Amino acid sequence: MGDDAVLDDTARRAGIDPGAFGQLVAGLPRQAIAAWDAGREWASSLTLLAPRRVVVAGMGGSAIGAEMVAALGSTRSATPIEVLRDYTPPALDAGSLFVACSFSGNTEEVLTAFDAAGSQGAARVAITTGGKLGDRAADAGVPTFSFAFAGPPRTALGYSVLPLLALLRRAGVLKVGDGEVAAAITLLNRCSEAADPDVPTSSNLPKQIAGRLAGRIPVVVGPGVLRVAASRWAGVIPENASQWAVSAELPELDHNLVAGFARPREAVERLHVVLLDGDGLHARNRRRVEVTASELQRADVSSEVVYVEGSGGLDSVLHAAYIGDWVSYYLALLNGVDPFEVAPIDRVKAALAAHDDPPA
C-alpha cells in the first residue's frame, strides 16, 4: 500500500496508472452529455406502448444505471421498474417491457434472460456496444441503442443511466425533464473540477476519504435514494482498488445492523463507515444519519459523514456516485494497483466459459 504523497505526485500516479484510468473517471460529465443527447435522439424514433411493468436486466457496471433509474422511479412512477441481476426473468407478458443492458453484449445472464423474455412475448429493447446481444437483437428486430465507448463498463456510467432514462421517458414510464438532466451534469462538472488529480489532497475531498479508507474495509451507507449510490461505491472500490467494500442503507440499518456495531472488536478496528447525506433527502433520514453517526462513535467505529449536493433526485444520486468513483481511483493509487486490472473477474468468466452448462 502506497503513502498519501502518491496522490499529489504526477509521475507516481502515472507509474501506477499507465493506462490513464483517471482520465476516464474525469470524463464522466462529457460522457453524460453525449449519452443523453444520443439517448434522446434514439428514443424519439421509437414507438412504444406504455408498459404495465418494466424489467431491466444487467450485471455489474451495466446494472448500476438500471438501479439508479429504478430508485428514481420508486417515488415518481406508477409503473414498477425492476432490476434483474440473474438468468431468469419474472413472469412477463405482452404488457411488459424488458430492457437488456450489457456493455459488451456478451454477458451470459443478460443473454439468457433476453431469450426468455422473448419467449414470454414481452416487448424487448437492448442497450449495448454490440456483441452477441447486438446480433440477437438485430436478428429479432429488437430496437437497440448501440454505442461505442473506449473504457471498461464501470467507467461508462453515463451510458448506463441516461439512454435508459430517455427510453422510459419515451415510454411514458418516468417523467424526467431536460433541465433536471442538465442540473445533474452541472453538478458532475463541479465535482470533477474539485476532485481533479491536480487539486492537492489538502483541498481534495475524494483524496482525503481515500486516505481514511486505505487499509480498512469501507462500509458505505446510503439513506433513501442514495442507497444506490452507496451500492455504486461498494462496486467500484473492489474493481478499481482491489479491496473489500460493502454497502448498507437507511433506515433499514437502524432496525438491525446498528445492534451489532461494537463486535467483534477485531472487525470493528478494520472498518471505516461512510454515511452519505444531503439536503434533498427525507428529513427523518437526515436525522437518522446524525443518530447513526453517534451510535458508531459510541461503538468506537471509525466513520464520517459525506455531504452530497443536489435536490435529492438524479443530481444527488449521480453526484454521490461520482464522489465514490474518484475515491475508488485514489484508493487504487494508495494500494499501488492498476485500476484497469480485474483479474479475478476475468478468471471467473473464463472458468464459467470453459464449463458451459446446458440451458435450464
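Residues numbered from 1 in each chain as written. Predicted model: local features only at pLDDT ≥ 70, side-chain atom pairs only at ≥ 80, totals over all residues. Heavy atoms only, no water.

Draft legend 1. Here's a closer look at the layout of surface pockets. By volume, the largest pocket amounts to about 1,800 Å³. Every residue lining the largest pocket is counted, 48 residues in all, and those nearest its centre are M59, T107, E108, E109 and K349. At the level of secondary structure, the elements contributing two or more residues to the lining of the largest pocket comprise α4 (61-76), α5 (108-119), α6 (131-140), α10 (227-241) and α14 (343-354). Of the residues belonging to the lining of the largest pocket, the class tally is 20 nonpolar, 14 polar and 14 charged. Of the voids in this model, the second largest pocket is the one considered here, and its volume is about 240 Å³. Surrounding the second largest pocket, 17 residues form its lining, V219, L257, F261, L271 and V273 being those nearest its centre. Secondary-structure elements contributing two or more residues to the lining of the second largest pocket are β6 (217-223), β7 (246-250), α11 (265-268) and β8 (271-277). Here the lining of the second largest pocket gets three residues from one element, more than from any other, and that element is β7. (1 Å grid on protein atoms, 1.4 Å probe; cavity = no way out; pocket = protein on both sides within 12 Å on 5 of 7 lines; lining within 4 Å. Points joined across faces, edges and corners; volume = space filled by probe spheres on them. Helix = DSSP H or I, 4+ residues; strand = E, 2+ residues; numbered from the N terminus. Nonpolar A, V, L, I, M, F, W, Y, C, P; charged D, E, K, R; others polar.)

Draft legend 2. Just the sheet that holds strand β5 (residues 144-146), in detail. Across the sheet, five strands lie side by side as β2-β1-β3-β4-β5; this open sheet has parallel pairing. Of all strands in the sheet, those with a lone pairing partner are β2 (81-84) and β5, marking the two edges. Neighbour-to-neighbour, the strand axes of the sheet open up by a mean angle of 15 degrees, direction not taken into account. As judged from the four bridges shared by strand β1 (residues 53-57) and β2, these two strands associate in the parallel manner. Looking at the pairing, V54 lines up with I81 of β2. Across the sheet, α5 lies against β1, β2, β3 (96-102) and β4 (123-128), angled at about 160 degrees from β3, the strand it touches most. Each of β3, β4 and β5 is contacted by α6, which is oriented at about 145 degrees to β4, the strand it contacts most. (Pairing = 2+ DSSP bridges. Axes fitted to C-alpha atoms, helices over the stretch in contact; angles between N-to-C directions. Contact = heavy atoms within 4.5 Å.)

Draft legend 3. Representation of the sheet that holds β7 within the structure. Strand order in this open sheet of four strands is β7-β6-β8-β9, and the pairing throughout is parallel. Of all the strands in the sheet, the pair left with one neighbour each is β7 and β9 (303-307). For this sheet, the mean inter-axis angle between neighbouring strands, taken without regard to orientation, is 25 degrees. Here β8 runs beside β9; their pairing, made up of five bridges, is parallel. From the neighbouring strand, L275 faces β9, where its bridge partner is V305. In this fold helix α9 (residues 205-213) packs onto β6, β8 and β9, with an angle of close to 160 degrees to the strand it touches most, β9.

Draft legend 4. Region of interest: the packing of helix α3 (residues 28-44) against helix α7 (residues 157-170). Between α3 and α7, the least distance of the axes is 8 Å, while the angle of their chain directions is 30 degrees. One finds that α3 runs roughly parallel with respect to α7. Seen from above, α3 lies across α7 with right-handed handedness. For the pair formed by α3 and α7, the contact residues are L28, Q31, A32, A34, A35, W36, G39, R40, W42, A43 and S44 on the first element and L157, G158, Y159, L162, P163, L165, A166, L167, R169 and R170 on the second. Among the residues making up the contact of α3 with α7, the classes are represented as 14 nonpolar, four polar and three charged. (Parallel < 35°, antiparallel > 145°, perpendicular 65-115°, else oblique. Left-handed = near helix turned anticlockwise from the far one by under 90°.)

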